[in-house]
Each structure stands twice: as C-alpha cells, then as structure tokens.
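Residues per chain are reported as follows:
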Amino acid sequence: MISIYRTDDRIIHEESEMDAGVWINMVNPTVTEGEEIARKLEIDIQDLLAALDEEESSRVELEDGYTLILVDIPMMEIRHDKEAYNTIPLGIILTQDMIITVCTEETPVLQSFLNGRVKEFSTKKKLRFVYQILFRVATLYQSHLRIIDKKRTEIEERIGKNTEDVDLIDLHALESTLVYFATSLRANSVVIERLTRYKRLEQYPDDKELLGDVIVENRQAIEMTSIYRDIIKGTRELMSSVIDNRLNTVMKSLTSITLVMGIPTLISGLYGMNVNEKWVPLANTAHGFGIICIMTLVICALILLFLKKKKVL
C-alpha cells in the first residue's frame, strides 16, 4: 500500500501526486508498486525494498541522488496466543525533494505522525522528520521495555505461591526479546552516530538539539535493556532455585516416609521367618501380636520425632 502525505500549516493531509515536499509512506508494498516508485524517483529497487527483508541490518548508505537509512523498530505480535515482541526494519529514503518510508507493517512510530501527535512536524523538513522518527523509535523501545519489566514483575510475584514451568518459559521469552532489543538498539546507535556527520541536506537550528535528544533517548533505551536483562536473569535464577528447593523438600519427605514405613516391614519380615518359635521373642506370649504392633508404632513415632527435631520433616 502506498500513501502520499503533505503538511501545510502543520496540518497533514493526503495527496494524490508525488510532488516536492511530500512524504511517501509504503506499507508492505508489492514488487510492482516498488518498481513504479523506483522508476519515477530513480531509486535502486533493492534499496527501496530493502526494509521488506527482516534480516536487513541497520545502516546508512549514501547513493547518487538519495540516501538510504535503515533502522530496527520494535513490534508487538501474537505468538502462541500470547503477546510477544520482535524487531523489524524500517527504511527511510531521502531524496532532494521528498522522503519515503518503507515497512512491512503499520507501525505506531509512523501512526503518531499521521494522527498529528508530533509537534513541529513538517514533511518539507526532511532531516528533522528523520530525527523525529528516530526519537519516536527510541521512546517506543522504552515503552515496550517497561511493559516487559511489568510482565517480569507479575511472574516474580508468583514465585513461592503457584510458580509453574510456563513461568520459566515466559521469562526465557522475555530474555530473548531483550537480546533482540539490545542488538537492534546498538545497531541504531551506529546509524544515529553516522547521521551526526550528515551534511547532504539542510539542517535547521533546532535539528541539532533534536538529534541530541535522539542520542540521549537511544542511549537510555540501551541502558534500560541491559538493566532489565540482568534483573530477568536474577529472577530466572531465583525461580530455578525455588523449584529445586521444592523438589528437594518433596524428596526429603518421601525419603522420611520410606524410612518410617521400612520399620514395620523389617519387623514383620523378621517374624515371618520360618524358624523355631523358641528363638522368636514373644512368640508364645499372650497378646504377643498386639505387643509387637505397639512396639512397632512406638519405634515409628520415635523416628518421626527424631526426623522432626532434625528438621528433615
């Protein structure tokens, strides 16, 4: 899908023609649509559709007549009936007269511009537009990171109560997401650093200040990712320790029960031997069976008290 927008007096509206000062937004375009735009704007089709490849790395490429900027943006998706996070490429192409964005999905980063929630937004100020996109990308990372930490907190609160194996799986998924985020944020920081030396397009006085804010927000997102990874690692180790401790407790209880139940088995086994009754104590004593049973119960009770004193039970 291809949409063309222009801002006039800070109000965005859709256009039908690709004139100077417009923003061309391409969402999961077909090859035919890509070829048409590439032909009209004299852009290499591979550069134009580079963002459609999920394996493309973040980078800046200066070509004749245009500049390609690729960054990774966070996306939420439903995986196994659960919310999960991933990163996908967002392509930004700057020509002398217009700006083009290419992505495989609708993203909140660009929707905020379409909904008029970004101040001082103008499709004619292309470099500032790029910085505003990068700023929204960094803040979106931070927003998703806070949600991830909230999910981790919910899992942590269940530790010691009704912890299940699925919680360990969820923690692993969150940790994997943070690995992807960290990799993408570091790659984006390289792109931002490259843009600090970008001189091809005109920069307005406020652009450098905005670029500084982008650098700060991206750095903060990287630090948040590192901190949350360490916290999740500690939570996972704590949960594993709790599960192991529960298993040890169950094993101790079963061992104690086996020991106590072994006493009646031993005594009954000894009295069940086919030997002369004169060698068997209490064999000819009145109420001998009852006495033996009581002795067995006493011995079992003493062993239970001993195990409880040693805090085995």
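Up top you'll find the structure we're talking about.
Novice: Got a sec to walk through the packing of helix α4 (residues 126-157) against helix α6 (residues 205-271)? Specific residues and values, please.
Specialist: Axis separation between α4 and α6 bottoms out at 9 Å; the angle between their running directions is 20 degrees. On the basis of the axis angle, α4 is roughly parallel to α6. Considering how the two elements wind past one another, α4 and α6 form a crossing that is left-handed.

Novice: Describe empty space enclosed by the protein, naming the residues involved and giving the relevant values.
Specialist: Tallied over the entire structure, the rule returns one cavity of 30 Å³ or more. If you add up the space inside the largest cavity, you get close to 40 Å³. Forming the walls of the largest cavity are Asn25, Met26, Val27, Cys103, Glu105, Glu106, Thr107, Leu110, Gln111 and Leu114. Going through the elements one at a time, β3 (23-27) and α3 (108-114) are the ones with two or more residues in the lining of the largest cavity. The class makeup of the residues in the lining of the largest cavity is five nonpolar, three polar and two charged.

Novice: Mind laying out helix α7 (residues 288-309), listing which residues take part and the relevant values?
Specialist: Given a rise of 1.5 Å per residue, 22 residues ought to cover 32 Å, and the 31 Å separating the end C-alpha atoms of α7 matches this to within 8%. Along α7, the positions that sit buried rather than exposed are Gly288, Ile292, Thr296, Cys300, Ile303 and Leu307. The arc that holds every buried residue of α7, seen down its axis, measures 110 degrees, which confines them to one face. Opposite the buried face of α7, by more than 90 degrees, sit the exposed residues Ile294, Leu297, Leu302, Leu305, Lys308 and Lys309. Downstream of α7 by a residue or two, Lys311 has a phi angle that is positive, lying close to 60 degrees.

Novice: Account for the packing of α6 against α7, with residues named and values stated.
Specialist: Where α6 contacts α7, the two axes come as close as 10 Å, and the packing angle between them is 155 degrees. Judged by the inter-axis angle, α6 sits roughly antiparallel to α7. In this structure, α6 meets α7 at a crossing whose hand is right-handed. Here Ser256, Leu259, Val260, Ile263, Pro264, Ile267 and Tyr271 of α6 come into contact with α7, specifically with Ile292, Thr296, Ile299, Cys300, Ile303, Leu304 and Leu307.

Novice: Tell me about the nonpolar core, and name the residues and values.
Specialist: One finds Ile69 and Ile133 to be the most contacted residues of the largest nonpolar core, which totals 50 residues. Setting aside its immediate chain neighbours within four residues, Ile69 contacts Arg59, Val60, Leu90, Gly91, Ile92, Leu94, Val130, Val191 and Leu195. With 19 residues, the next largest nonpolar core counts Ile4, Ile43, Ala50 and Met98 among its residues.

Novice: Go over the environment of Ile291, please, and point to the residues and values.
Specialist: Structurally, Ile291 is set in helix α7. For Ile291, a relative accessible area of 32% gives the class partly exposed.

Novice: Now, about a negative patch on the surface: what can you tell me, with residues and values included?
Specialist: Side chains of Asp53, Glu54, Glu55 and Glu105 sit close together on the surface and give a patch of like negative charge. For Glu55, a relative accessible area of 70% corresponds to the exposed category.

Novice: Requested: an account of the side chain of Ser3, with residues and values cited.
Specialist: With respect to the helices and strands, the residue Ser3 is situated in strand β1 (residues 2-8). Given a relative accessible area of 7%, Ser3 falls into the buried group. Dropping the residues within four chain positions of it, Ser3 is found in contact with Glu14, Trp23, Ile24 and Asn25.

Novice: Which residues make up the pairing of β3, and what are the values?
Specialist: Burial analysis of β3 places five of its five residues in the buried class, the great majority of the element. Residues Trp23, Asn25 and Val27 line one face of β3 and the alternating positions Ile24 and Met26 line the opposite face, and both faces are buried. Across five bridges, the pairing between β3 and strand β7 (residues 99-103) is parallel. Paired with Ile24 across the two strands is Ile100, which belongs to β7.

Each value, and the rule that gives it
Residues numbered from 1 in each chain as written. Predicted model: local features only at pLDDT ≥ 70, side-chain atom pairs only at ≥ 80, totals over all residues. Heavy atoms only, no water. Axes fitted to C-alpha atoms, helices over the stretch in contact; angles between N-to-C directions. Helix = DSSP H or I, 4+ residues; strand = E, 2+ residues; numbered from the N terminus. Parallel < 35°, antiparallel > 145°, perpendicular 65-115°, else oblique. Left-handed = near helix turned anticlockwise from the far one by under 90°. 1 Å grid on protein atoms, 1.4 Å probe; cavity = no way out; pocket = protein on both sides within 12 Å on 5 of 7 lines; lining within 4 Å. Points joined across faces, edges and corners; volume = space filled by probe spheres on them. Nonpolar A, V, L, I, M, F, W, Y, C, P; charged D, E, K, R; others polar. Expected span 1.5 Å × (residues − 1). Buried < 20%, exposed > 50% of the residue type's maximum accessible area, 1.4 Å probe, protein only. Arc of directions from axis to C-beta. Contact = heavy atoms within 4.5 Å. Core = buried A, V, L, I, M, F, W, Y, C linked by side-chain atoms within 4.5 Å. Patch = residues over 30% accessible without salt bridge, like charges linked within 9 Å, V, L, I, M, F, W, Y side chains within 5 Å. Areas by Shrake-Rupley, 256 points an atom, 1.4 Å probe, with all protein chains shown as cover. Salt bridge = Lys/Arg side-chain N within 4 Å of Asp/Glu carboxyl O. Lys, Arg positive; Asp, Glu negative; His and termini not counted. Charge placed at Lys NZ, Arg CZ, Asp CG, Glu CD. Pairing = 2+ DSSP bridges.

The quantities given are spatial measurements derived from coordinates; they are silent on function.
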